[in-house]
Every structure is written in structure tokens, then in C-alpha cells.
Amino acid sequence: MFVKNLLFFLFILLILVASCKKGPAKFSLTGTISDETFSTTLNNCNISLYKYAVGSAQKTLISTITSYNGSYKFDFDRDKSEKYELVVLKENYFDISKVIYFSEFTANETLQKDYSTTAKAWAKLTFINQNPLIDDPWILDKPSAKQLVTTRICRISKFTQL
């Protein structure tokens, strides 16, 4: 009787296991890229997702998208990757490069990651030499009392007066 019950139990267990529909697990990564300079979303940026295989330093591109409203979403198969790298590029903005480890993901659930960056700023500096000297380490454009100085040769430590 015990053997008969054991066989019946194993038969039912085999049917249950075989009838489960299994497929590859998926990872989903979504988020928003913000512009801290102007307090808006970062429009028209290129967002790339790379994966690093376990034990390798070489990265492989999974996908690249162009975000028109600052949001992004990547859906990809779970595989033997150690980590992922999200790279955001836009002209005149500082690049974003963030590592997301495999352990942060849960199969068939969405991982939310929001990031922000700032615009690059440029400043034009003009130095005015109020008292030029003959042995001045600066190359002068015009020989006059108040001269604009180019920075071809520059010893900042000697230049104290603006």
C-alpha cells in the first residue's frame, strides 16, 4: 500500500511540474532623467544600457534609446550578467554613468531608477594687467598702460593684481 501511495504522489508531482509554463525571466528597468539646471526633464538624450558578463570587464550593448520626454524603459532577458551600466549622453550636459548590480533586479518586476544631471557652463575670462613691467611673465597684446593679457605664458603665482 505504501509503494502504491508513493507512486501516485510522484505521478501527481510529475504532472504538476511538467504542466508549469516556464519561460525566460525578464528584467525591466525604467526611470526619468532630470535636468537640475532648469528643473525639468532632460529631453532628447541618448540612453544606453550595457551588461557585464560574470567575471569579465568587457561590456556589451543591450540597447540604446533616445528619450523625448526624459523617461526611459528597458526590457531584457535575465542572463549571467554581474552588473549593468546605464549611460546618458546629451550635448552640453555632463554625462551620467551609473552601475546597477544584478542583485538589485527582481525577475518579472520593474526596477525604478531616476537620475539627474546639470548643464555645462562656460565662462570667458579676461585678465587686465594694470601695471605692466618689462620682466612681466605675461605676453602682452598691445604696449599700453592698461593691457589685455593673453595666457600663452602664465605664472599665476607672480600675478597678484587684477
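All figures in this text were calculated on a predicted structure; none of them were measured in a lab.

The subject of this paragraph is the overall build of the protein. Scanning the protein for helices and strands turns up one helix and twelve strands. What you see in the protein, going N to C, is helices and strands ordered as α-β-β-β-β-β-β-β-β-β-β-β-β. For the protein, the residues scored as buried account for 25% of the 162 residues in total. The long-range fraction of contacts in the protein, counting pairs at least 24 apart against all pairs at least 6 apart in sequence, stands at 56%. Accessible surface, the protein as shown: approximately 11900 Å² in total, 57% of it carbon and sulfur.

Further remarks concern the sheet that holds strand β6 (residues 81-89). Sheet architecture is open: four strands sit in the order β4-β3-β6-β7, paired in antiparallel fashion. The open sheet has two edge strands, β4 (59-67) and β7 (96-101), and neither has a second partner. Neighbour-to-neighbour, the strand axes of this sheet turn through a mean angle of 20 degrees, independent of strand direction. Bridge count for strand β3 (residues 45-53) against β6 is eight bridges, and the pairing is antiparallel. Bridged to alanine 53 within β6 is serine 81.

Mapped onto the fold, lysine 120 is located in the loop between β9 (115-117) and β10 (127-129). Along the primary structure lysine 120 and phenylalanine 94 are separated by 26 residues, whereas in three dimensions their C-alpha atoms are 6.3 Å apart. If we ignore the near neighbours within four places in the chain, the residues touching lysine 120 are Asn92, Tyr93 and Phe94.

Low-pLDDT stretches of the model should not have their predicted coordinates read in fine detail. Overall, the prediction assigns the protein a mean pLDDT of 77, with 69% of residues at 70 or greater. Confidence over residues 141-162 falls short of pLDDT 50; this stretch has 45 contacts with residues more than four positions distant or in other chains.

The rules we used
Residues numbered from 1 in each chain as written. Predicted model: local features only at pLDDT ≥ 70, side-chain atom pairs only at ≥ 80, totals over all residues. Heavy atoms only, no water. Helix = DSSP H or I, 4+ residues; strand = E, 2+ residues; numbered from the N terminus. Buried < 20%, exposed > 50% of the residue type's maximum accessible area, 1.4 Å probe, protein only. Contact = heavy atoms within 4.5 Å. Areas by Shrake-Rupley, 256 points an atom, 1.4 Å probe, with all protein chains shown as cover. Pairing = 2+ DSSP bridges. Axes fitted to C-alpha atoms, helices over the stretch in contact; angles between N-to-C directions. pLDDT = per-residue confidence, 0-100.

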